[in-house]
Amino acid sequence: MGKKDTELTSKKRKTASERTPFIDQRTRAIFGLALLLLSIYTLFAMVCFFFSGGIDQSLVDKGLRTIVTNISLQSDSPAGKFGAWLSDLLINRWFGLASFILCYLLIILSLRIIGKDITRFARKIFLSLVLMLWFSVCADYFSELIYAAIGTQRIYLYLGGAHGYFVNLWLSSLVGQVGTFFIILLSATAILFFGFEPTFYKCVELVKKMFAKTEEVLPDVISEKDESNENESDATMGKRDGSSENEGDTAMGKKDDDGYREVDENVVGDIYAGVDENDEHFIYESDRRNANGVSVESDERDEPEELMSFSTGQTNDIQLVVTASRPAETVSQNKPIGNYDPTLDLSNYKYPPLDLLEERVSGKSKVTDEELEANKNRIVGSLKNFKIDITKIKATIGPTVTLYEIVPAPGVKISQIKNLEDDIALSLSALGIRIIAPIPGKGTIGIEVPNQHPETVSMRSILSEKKFQEMNEGLPITIGRTISNETYTFDLTKMPHLLVAGATGQGKSVGLNAIITSLLYKKHPSQLKLVLVDPKKVELSIYAIIEKHFLAKLPDEEEAIITENEKVVNTLNSLCIEMDTRYDLLKQAGVNKIKDYNDKFIKRQLNPEKGHRYLPFIVVIVDEFSDLIMTAGKEVEKPIIRIAQLARAVGIHMIIATQRPDVKVITGLIKANFPARIAFKVSSMMDSRTILDASGANQLIGRGDMLISVNSEMTRVQCAFVDTPEIEKLTKYIASQQGYATAFDLPEYHADGEGDGNEVDLGAKDPLFEDAARLVVNSQQGSTSAIQRRFSIGYNRAGRIIDQLAAAGIIGPFEGSKARQVLIMDENSLEGLLRSLE
């Protein structure tokens with residue numbers, strides 16, 4: 001008991017030490033609310049100062065101590081004596097009218113403390129402080145000019161405060177009134193250009209327009225002279241160097257009949273990437289996006305969008321070369337030094353707190369010393385009845401069963417004890433007796449005896465364990481406690497697939513929920529996607545509300561939880577396509593597993609213009625696998641086996657569950673590719689051997705009692721219990737946060753005979769159909785990746801546009817890895833075809 005008391009005391013001390021004032025949400029709320037009310041009161045007092053400040057001057061001069069202690073003193077300010085003193089301090093003695101900015105700072109600071117997300121918080125604080133200092137000087141400078149102009153003296157109100165007054169006094173003595181004005185003007189320009197960056201670019205555009213208007217009003221004589229000189233120069237250059245133009249056309253595109261230049265898409269794509277092909281670091285599109293998924297640069301400048309527009313209807317199209325080169329220079333200057341952050345799109349995502357789950361047990365064992373002693377005597381007595389002597393016996397108490405380890409006397413055969421399993425169960429008057437002969441690595445024989453009062457292992461208790469909290473790599477899962485009361489934790493990426501089986505009502509569904517809960521508590525939505533297959537339609541439907549965070553599905557599917565057998569087949573085949581695509585990406589990157597690939601991508605060593613992207617883990621969870629096998633048969637088994645055989649290296653892992661562990665359902669191929677298996681209680685030894693290749697699952701006691709077999713090593717574990725209301729709280733907490741626009745789209749899959757261009761409905765054309773058609777005809781290249789890159793859309797949408805172009809007769813049929821043949825040769829023919837399709 002001394003050891004337990006010491007551990008409990010240290011745990012309490014640790015908990016108390018961790019409760020700092022700003023970690024406790026209640027403390028943050030109270031402090032933030034107090035600061036918010038103080039800022040509002042300050043704002044109110046400052047407004048009142050303009051009406052009663054002159055009258056209260058004699059009052060505020062007495063000092064704060066006198067104001068607070070002397071009750072007889074009264075103020076005309078509605079904010080009271082303290083409000084009059086505070087407003088006079090801020091306006092007259094500090095920063096003048098600029099003190100209103102201080103109220104703004106206090107308000108956003110209070111909201112930040114309460115927990116509201118303030119975008120660009122540090123930038124707003126810094127910019128507000130700079131503006132407050134500048135405005136204080138500016139207000140005092142112009143107020144002095146006004147007072148001098150109208151010939152009056154300064155009243156009680158100092159518009160710039162003491163700060164503005166003394167700074168202006170020093171600057172005026174140093175550089176005079178004119179020099180002070182220039183300094184104020186220069187500082188204002190710097191604040192506008194650096195603090196409000198769009199202003200700088202608007203000023204640049206304004207200057208450009210002014211110069212453009214100046215050029216328009218130049219005399220016609222000069223224009224004609226320049227035109228004649230240009231013609232003579234072109235003629236001379238054409239005679240002298242006939243190959244230069246061809247080289248230029250090759251580099252930047254070809255000229256059309258009117259002399260305007262068509263820009264090569266590949267050249268612009270490389271410019272847009274912002275790096276050279278041999279550069280080791282790339283700028284990703286998500287670097288330009290904030291937490292809301294909006295382009296960070298879109299509100300400041302429009303060059304990337306201008307790059308992607310290749311209209312050749314303007315006479316200054318040749319200047320597109322200059323415009324295209326400008327973003328490359330900008331990206332080079334702003335190249336991030338740090339690694340790419342895959343969580344950037346949902347940077348405000350908060351992991352679920354443990355408070356959403358219930359703590360059901362105290363952690364103390366309910367097995368009494370009397371029960372241990374009685375079981376020990378019965379075991380020893382039963383063995384003596386059959387003339388089997390033992391030299392030592394040891395008990396290890398678990399949440400559900402107690403393990404009695406015995407050391408037999410010399411000369412006793414293990415088989416003798418193994419054959420007494422039923423006799424020992426009879427003497428103990430207990431079900432679920434299991435004999436482990438011998439225990440691997442210990443040299444003892446184990447007898448597992450169920451406890452009279454088994455414990456319930458809560459999900460919260462095992463999620464809070466240090467062992468699980470320190471697991472950050474791969475796909476950490478904690479599922480329960482072993483006989484020695486240790487948390488059983490494993491990495492699914494090392495399994496790499498999991499087979500779960502058990503009779504109805506023995507805890508199989510709770511086990512799946514425990515696995516999913518572990519993943520949701522440990523992974524960010526950008527790092528994990530779940531494909532949930534639920535033929536019963538009720539077991540996994542509770543996770544539907546986190547569709548935009550963690551779920552993956554086929555494009556255009558309404559529900560992310562897959563319940564129909566036909567959709568299951570299509571989804572599994574789609575996963576095979578995703579698997580092949582990922583292997584192609586790994587091949588291009590020169591790596592052999594997803595961890596190395598993502599490490600390269602995070603270090604910006606892979607070019608997204610070539611299709612590279614961050615690859616999240618995909619976990620496929622199939623419930624009631626036996627029902628799918630009975631209805632779909634080989635159509636389901638074939639893609640599952642293919643994924644199980646190949647998908648480990650590319651981060652796709654499977655968990656299949658069944659309540660019917662029959663050899664027709666769990667075939668030899670499936671067992672060979674699912675080395676990790678979990679068996680809940682089953683009805684017969686044959687079912688146990690089908691799952692685990694050994695007996696034992698038929699001797700479990702149910703209610704979450706299970707055997708986990710990994711590489712033929714079995715461990716008895718009591719599964720953690722997580723109830724439906726707890727899962728509802730968890731999923732609602734995740735769903736309440738900002739998610740992606742849609743669920744993670746898997747590649748489209750068309751069964752045999754489907755997906756031909758002739759079956760595409762052209763009545764529902766994509767909004768980008770006509771633009772894509774013009775791009776394909778102008779470039780004479782029917783490529784899905786080209787459309788994807790040109791319009792910044794996903795692969796699935798680009799593929800649908802390609803199918804529509806094929807159905808319209810603009811491009812030819814699919815030809816494997818080659819680009820499709822373009823059937824329309826010029827834009828005039830294309831426009832006629834497009835009019836006919838309207």
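Computed from a prediction, not measured in an experiment: that's the story for all the values here.

1. Observations regarding the overall build of the protein
And then number 1: In terms of regular secondary structure, the protein is built from 32 helices and 15 strands.
And then number 2: Looking at the protein residue by residue over its 838 residues, the buried ones come to 43%.
And then number 3: For the protein, restricting intrachain contacts to residue pairs at least 6 apart in sequence, the fraction spanning at least 24 positions comes to 67%.

2. Points about the pairing of strand S12 (residues 676–680)
And then number 1: Counting buried positions along S12 yields five of five residues, so the element is predominantly enclosed.
And then number 2: Side chains of S12 alternate between two faces, with Ala 676, Ile 678 and Phe 680 and Arg 677 and Ala 679 buried alike.
And then number 3: By the bridge criterion, four bridges tie strand S7 (residues 498–501) to S12 in an arrangement that is parallel. Bridging across to S12, Leu 499 finds its partner in Arg 677.
And then number 4: Here five bridges tie S12 to strand S13 (residues 705–710), and the two strands are oriented antiparallel to one another. Looking across to S13, one finds that Arg 677 is bridged to Ser 709.

3. A few points about the sheet that holds strand S1 (residues 390–397)
And then number 1: Spatially, four strands are ordered S1-S2-S4-S3 in an open sheet, and the strand pairing comes out antiparallel. Sheet topology places S1 and strand S3 (434–436) at the edges, where each strand pairs with a single neighbour. Across the sheet, the mean angle separating the axes of adjacent strands is 20 degrees when strand polarity is ignored.
And then number 2: Sheet topology places strand S2 (residues 401–408) next to strand S4 (residues 445–450); six bridges connect them, and they run antiparallel.

4. A short note on the packing of helix H15 (residues 369–385) against helix H17 (residues 421–428)
Any two packed helices are characterised by how steeply their axes cross, that is the angle between the axes, and by the distance between the axes.
And then number 1: Where H15 meets H17, the axes come as close as 9 Å, and the angle between the chain directions of the two elements is 135 degrees. Accordingly, the angle class assigned to the pair H15 and H17 is oblique. Relative to H17, the crossing made by H15 is right-handed. Two secondary-structure elements touch here, H15 through Asn 375, Arg 378, Ile 379, Ser 382 and Leu 383 and H17 through Ile 424, Ser 427 and Leu 428.
And then number 2: For the contact of H15 with H17, the residue count by class is four nonpolar, three polar and one charged.

5. Here's the deal with the packing of aromatic side chains
And then number 1: Summed over all chains, the structure comprises twelve aromatic pairs.
And then number 2: A ring pair is formed by Trp 94 and Phe 95, whose centres lie 6.3 Å apart and whose planes are at 65 degrees; its orientation type is edge-to-face.
And then number 3: For Trp 94, a relative accessible area of 38% corresponds to the partly exposed category.
And then number 4: Judged by its relative accessible area of 17%, Phe 95 falls in the buried class.
And then number 5: Taken together, Tyr 41, Phe 82 and Trp 85 form an aromatic cluster joined through their ring pairs.
And then number 6: Sitting above the plane of the Phe 121 ring, Arg 112 keeps its charged end 4.5 Å from the centroid.

6. Focus on the packing of helix H2 (residues 25–52) against helix H6 (residues 99–114)
And then number 1: Here H2 crosses H6 at 165 degrees, and the two axes come no closer than 8 Å. The angle between the axes of H2 and H6 places the two elements in the roughly antiparallel class. As for how H2 packs across H6, the hand of that crossing is left-handed.
And then number 2: A breakdown of the residues in the contact of H2 with H6 according to their chemical character gives 16 nonpolar, six polar and two charged.

7. A word on the sheet that holds strand S11 (residues 652–658)
And then number 1: The strand order across the open sheet built from nine strands is S6-S5-S14-S13-S12-S7-S11-S10-S8, with neighbouring strands paired in mixed fashion. Of all strands in the sheet, those bounded by a partner on one side alone are strand S6 (487–491) and strand S8 (528–533). For this sheet, the mean inter-axis angle between neighbouring strands, taken without regard to orientation, is 25 degrees.
And then number 2: Here six bridges tie S13 to strand S14 (residues 713–719), and the two strands are oriented antiparallel to one another. From the neighbouring strand, Asp 705 faces S14, where its bridge partner is Gln 718.

8. Regarding helix H30 (residues 784–791)
And then number 1: What H30 keeps buried is the set Thr 784, Ala 786, Ile 787, Arg 790 and Phe 791. Within H30, the buried residues cover an arc of 165 degrees as seen down the axis, which keeps them to one side.

9. Focus: the side chain of Thr 571
And then number 1: The topology assignment puts Thr 571 in helix H22 (residues 565–589).
And then number 2: On the basis of relative accessibility, which here comes to 3%, the residue Thr 571 falls in the buried class.
And then number 3: Discounting chain neighbours no more than four positions away, the residues touching Thr 571 are Val 531, Leu 554, Ile 562 and Leu 746.

10. Concerning the environment of Leu 762
And then number 1: Residue placement: Leu 762 occurs in the loop between strand S15 (744–745) and helix H29 (769–779).
And then number 2: Once the C-alpha coordinates of Leu 762 and Ala 807 are considered, the two residues, 45 residues apart in sequence, prove to be 7.5 Å apart.

11. Section: a nonpolar patch on the surface
And then number 1: On the surface, a nonpolar cluster with roughly 550 Å² of combined accessible area is contributed by Phe 142, Leu 145, Val 178, Phe 181, Phe 182 and Leu 185.
And then number 2: No other element matches the four residues that helix H8 (residues 161–195) contributes to the nonpolar patch.
And then number 3: Relative to the helices and strands, Phe 182 resides in helix H8.

12. Here we look at the confidence of the model for the protein
And then number 1: The predicted model of the protein has a mean per-residue pLDDT of 77, with 77% of residues at 70 or higher.
And then number 2: Low pLDDT (under 50) marks residues 1–22, which in the prediction has six contacts with non-local residues, meaning those over four places away or in another chain.

13. A few points about the pairing of strand S5 (residues 476–482)
And then number 1: In terms of burial, S5 is largely enclosed, as seven of its seven residues are buried.
And then number 2: By the bridge criterion, five bridges tie S5 to S6 in an arrangement that is antiparallel. Within S6, the position partnered with Gly 480 by the bridge is Tyr 488.
And then number 3: One ladder, built from three bridges, connects S5 with S14; its direction is antiparallel. Following the sheet pairing, Arg 481 is matched in S14 by Gln 718.

14. Thoughts on a negative patch on the surface
And then number 1: A contiguous patch of negative charge on the surface is contributed by Glu 558, Glu 559, Glu 564 and Glu 566.
And then number 2: Mapped onto the fold, Glu 566 is located in helix H22.

15. A few points about the pattern of salt bridges
And then number 1: The tally for this structure, following the rule as stated, stands at 26 salt bridges.
And then number 2: For Glu 624, the salt bridge is made with Lys 536, and the minimal N-O distance between the two is 3.4 Å. Here Lys 536 lies in the loop between S8 and helix H21 (547–550) and Glu 624 lies in the loop between strand S10 (617–622) and helix H24 (625–632), a separation of 88 residues in the sequence.
And then number 3: Classification of Lys 536 as partly exposed rests on a relative accessible area of 37%.
And then number 4: Between Arg 642 and Asp 580 there is a salt bridge, with the nearest N and O atoms lying 3.1 Å from each other. You can see Arg 642 sitting in helix H25 (residues 634–646) and its partner Asp 580 sitting in helix H22, a full 62 residues away along the chain.
And then number 5: The class of Arg 642 is partly exposed, set by a relative accessible area of 32%.
And then number 6: One continuous salt-bridge network, built from bridges that share partners, spans Lys 508, Lys 536, Glu 539, Asp 623 and Glu 624.

16. Some remarks on H25
And then number 1: Relative to the 18 Å expected for 13 residues at 1.5 Å per residue, H25 spans 18 Å between its end C-alpha atoms, a close match to the ideal helical length.
And then number 2: Residues Val 636, Glu 637, Pro 639, Ile 640, Ile 641, Ile 643 and Ala 644 constitute the buried set of H25.
And then number 3: In this fold, the buried residues of H25 make contact with H22, H24, S11 and helix H26 (668–673).

17. Overview of the environment of Glu 448
And then number 1: By the secondary structure assignment, Glu 448 is in strand S4.
And then number 2: The sequence separation of Glu 448 and Leu 403 amounts to 45 residues, and the corresponding C-alpha distance is 4.5 Å.
And then number 3: Side-chain polar atoms of Glu 448 contact the side chain of Arg 716, separated by 2.5 Å.

18. A few points about the environment of Lys 392
And then number 1: Within the element layout of this structure, Lys 392 appears in strand S1.
And then number 2: Taking the relative accessible area as the measure of exposure, Lys 392 reaches 54% and is therefore exposed.
And then number 3: For the pair Lys 392 and Thr 444, spaced 52 residues apart in sequence, the C-alpha to C-alpha distance is 9.5 Å.
And then number 4: With residues near it in sequence (within four places) discarded, Lys 392 still touches Glu 405, Ile 406 and Val 407.

Definitions and cut-offs
- Residues numbered from 1 in each chain as written.
- Predicted model: local features only at pLDDT ≥ 70, side-chain atom pairs only at ≥ 80, totals over all residues.
- Heavy atoms only, no water.
- Helix = DSSP H or I, 4+ residues; strand = E, 2+ residues; numbered from the N terminus.
- Buried < 20%, exposed > 50% of the residue type's maximum accessible area, 1.4 Å probe, protein only.
- Contact = heavy atoms within 4.5 Å.
- Pairing = 2+ DSSP bridges.
- Axes fitted to C-alpha atoms, helices over the stretch in contact; angles between N-to-C directions.
- Parallel < 35°, antiparallel > 145°, perpendicular 65-115°, else oblique.
- Left-handed = near helix turned anticlockwise from the far one by under 90°.
- Nonpolar A, V, L, I, M, F, W, Y, C, P; charged D, E, K, R; others polar.
- Phe/Tyr/Trp six-rings, centres within 6.5 Å; stacked < 30°, edge-to-face > 60°.
- Lys NZ or Arg CZ within 6 Å of the ring centre and 35° of its normal.
- Arc of directions from axis to C-beta.
- Patch = residues over 30% accessible without salt bridge, like charges linked within 9 Å, V, L, I, M, F, W, Y side chains within 5 Å.
- Areas by Shrake-Rupley, 256 points an atom, 1.4 Å probe, with all protein chains shown as cover.
- Salt bridge = Lys/Arg side-chain N within 4 Å of Asp/Glu carboxyl O.
- pLDDT = per-residue confidence, 0-100.
- Lys, Arg positive; Asp, Glu negative; His and termini not counted.
- Charge placed at Lys NZ, Arg CZ, Asp CG, Glu CD.
- Expected span 1.5 Å × (residues − 1).
- Polar contact = N/O pair within 3.5 Å; in protein donor to acceptor, adjacent residues only side chain to side chain.

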